[in-house]
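Now for the letters of each chain:
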Amino acid sequence: MTAKKADSILGVGKKIQKIRTEKKVVLDRIANETGFSIDYLKEIEAGKVFPPVGALLQIAKALEIDSGFFLREQESAFKKRSKDYSKRTENYAYTNLTPGAENKHLKAFKVTVEPLQEHKGVGYHHEGEEFVYVLKGKVEVIVGEHTNKLSEGDSLHFNSGIRHMLRNVGKNIAELLVVIYGP
């Protein structure tokens, strides 16, 4: 892991921790409101893992802050260091396609998933709906216990309140358009 990537991961975790402690919110409450384990939340705050977009949205909601807070900062970092930005998580990258929509219900992202990779750690969920359109590649989107196999040109619309996970099942990079609606 590069020093810059480590700093960006640590930065988001420390910001989450700072906001949480300033608001006097205990990890138990965040865990109950997001469904994430306390250990996973501690790993985020310690900078050991970088949470996916859905997790950031859930954490922001649990902390009662603007859901775009973390995304806005990442967009700024993208403008400064696009190469580093594109490697923000361990197995996938995303670009915010709706900058300035932090206070809106609808947010769109271009997501790139490395070959034969999935979101590691916890499956995630967030209140609302999600739409996934495959620009290229082959992916599986697991919603609850149901596996959806998608190829280029396929799409899926689902209740994002159900735990879901994404994995690239192809030998090439997968590119997706992901639109999240949060009430």
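About the cut-offs
- Residues numbered from 1 in each chain as written.
- Predicted model: local features only at pLDDT ≥ 70, side-chain atom pairs only at ≥ 80, totals over all residues.
- Heavy atoms only, no water.
- Helix = DSSP H or I, 4+ residues; strand = E, 2+ residues; numbered from the N terminus.
- Buried < 20%, exposed > 50% of the residue type's maximum accessible area, 1.4 Å probe, protein only.
- Contact = heavy atoms within 4.5 Å.
- Pairing = 2+ DSSP bridges.
- Axes fitted to C-alpha atoms, helices over the stretch in contact; angles between N-to-C directions.
- Arc of directions from axis to C-beta.
- Patch = residues over 30% accessible without salt bridge, like charges linked within 9 Å, V, L, I, M, F, W, Y side chains within 5 Å.
- Areas by Shrake-Rupley, 256 points an atom, 1.4 Å probe, with all protein chains shown as cover.
- Salt bridge = Lys/Arg side-chain N within 4 Å of Asp/Glu carboxyl O.
- Parallel < 35°, antiparallel > 145°, perpendicular 65-115°, else oblique.
- Left-handed = near helix turned anticlockwise from the far one by under 90°.

If you check an unreviewed UniProt entry, the protein chain appears there as HTH cro/C1-type domain-containing protein from uncultured Desulfobacterium sp.

### A closer look at the side chain of Ser160
Among the structural elements, Ser160 can be located in the loop between strand S6 (155-159) and strand S7 (164-168). Residue Ser160 is classed as buried on the basis of its relative accessible area, which comes to 0%. Those residues within four positions of Ser160 in sequence are excluded, and the remaining contacts are His125, His126, Glu127, Gly128, Glu129 and Glu130.

### Comments concerning the sheet that holds S6
Pairing is antiparallel across the open sheet formed by five strands, whose spatial order is S1-S2-S8-S3-S6. The open sheet terminates on both sides in strands that have one partner only, identified here as strand S1 (92-96) and S6. When the angles between neighbouring strand axes are averaged without regard to direction, this sheet yields 20 degrees. Direction of pairing for S1 relative to strand S2 (residues 106-113): antiparallel, over a ladder of five bridges. When the bridges of S2 are listed, Ala93 appears paired with Thr112. Sitting on the sheet, helix H4 (residues 53-62) touches S1, S2 and strand S8 (174-181), and the angle it makes with S1 is about 60 degrees.

### Description of helix H2 (residues 27-34)
Those residues of H2 that fall on the buried side of the exposure criterion are Leu27, Ile30, Ala31 and Thr34. For H2, the arc enclosing every buried residue in end-on projection is 100 degrees, short of the 170-degree limit, so these residues lie on one face. Phi turns positive one or two residues past the end of H2, at Gly35, with a value near 85 degrees.

### What about the side chain of Glu45?
Its location among the elements puts Glu45 in helix H3 (residues 38-45). Relative accessible area serves as the criterion here: at 6%, Glu45 is assigned to the buried category. If we skip the residues at most four places from it in the chain, Glu45 touches Gly13, Lys14, Ile16, Gln17, Arg20 and Leu27.

### Topic: a nonpolar patch on the surface
Residues Phe131, Tyr133 and Leu135 make up a contiguous nonpolar surface patch of roughly 230 Å² in combined accessible area. With respect to the helices, strands and loops of the structure, Tyr133 is situated in strand S3 (residues 129-136).

### Things to note about the pairing of S3
Note that S3 and S6 share five bridges and pair antiparallel. Counterpart to Glu130 in the pairing with S6 is Phe158. One ladder, built from seven bridges, connects S3 with S8; its direction is antiparallel. By the bridge assignment for S8, Glu130 is matched with Ile180.

### Comments concerning the pattern of salt bridges
Going through the model one piece at a time under the given rule, you end up with nine salt bridges. For Glu22, the salt bridge is made with Lys18, and the minimal N-O distance between the two is 3.2 Å. A residue pair is termed a helical-turn pair when its members lie 3 or 4 positions apart in one helix, as Glu22 and Lys18 do in helix H1 (residues 3-22) at four residues. Note on accessibility: Glu22 and Lys18 belong to one class, exposed. Residue Lys61 is joined to Glu127 by a salt bridge in which the shortest nitrogen-to-oxygen separation is 2.0 Å. Here the residue Lys61 occupies a position in helix H4, and Glu127 occupies one in the loop between S2 and S3, the gap between them amounting to 66 residues. We classify Glu127 as partly exposed; its relative accessible area is 47%. Here the salt bridges do not stand alone but share partners, grouping Arg29, Glu33 and Glu64 into one network.

### Quick look at the packing of H2 against H3
Contact geometry for H2 and H3: axes closest at 9 Å, N-to-C directions at 110 degrees. In terms of orientation, H2 and H3 fall into the roughly perpendicular class. Crossing geometry of H2 relative to H3 is assigned as right-handed. When H2 is examined against H3, the residues Leu27, Asp28, Ile30 and Ala31 are found in contact with a partner set consisting of Ile38, Leu41, Lys42 and Glu45.

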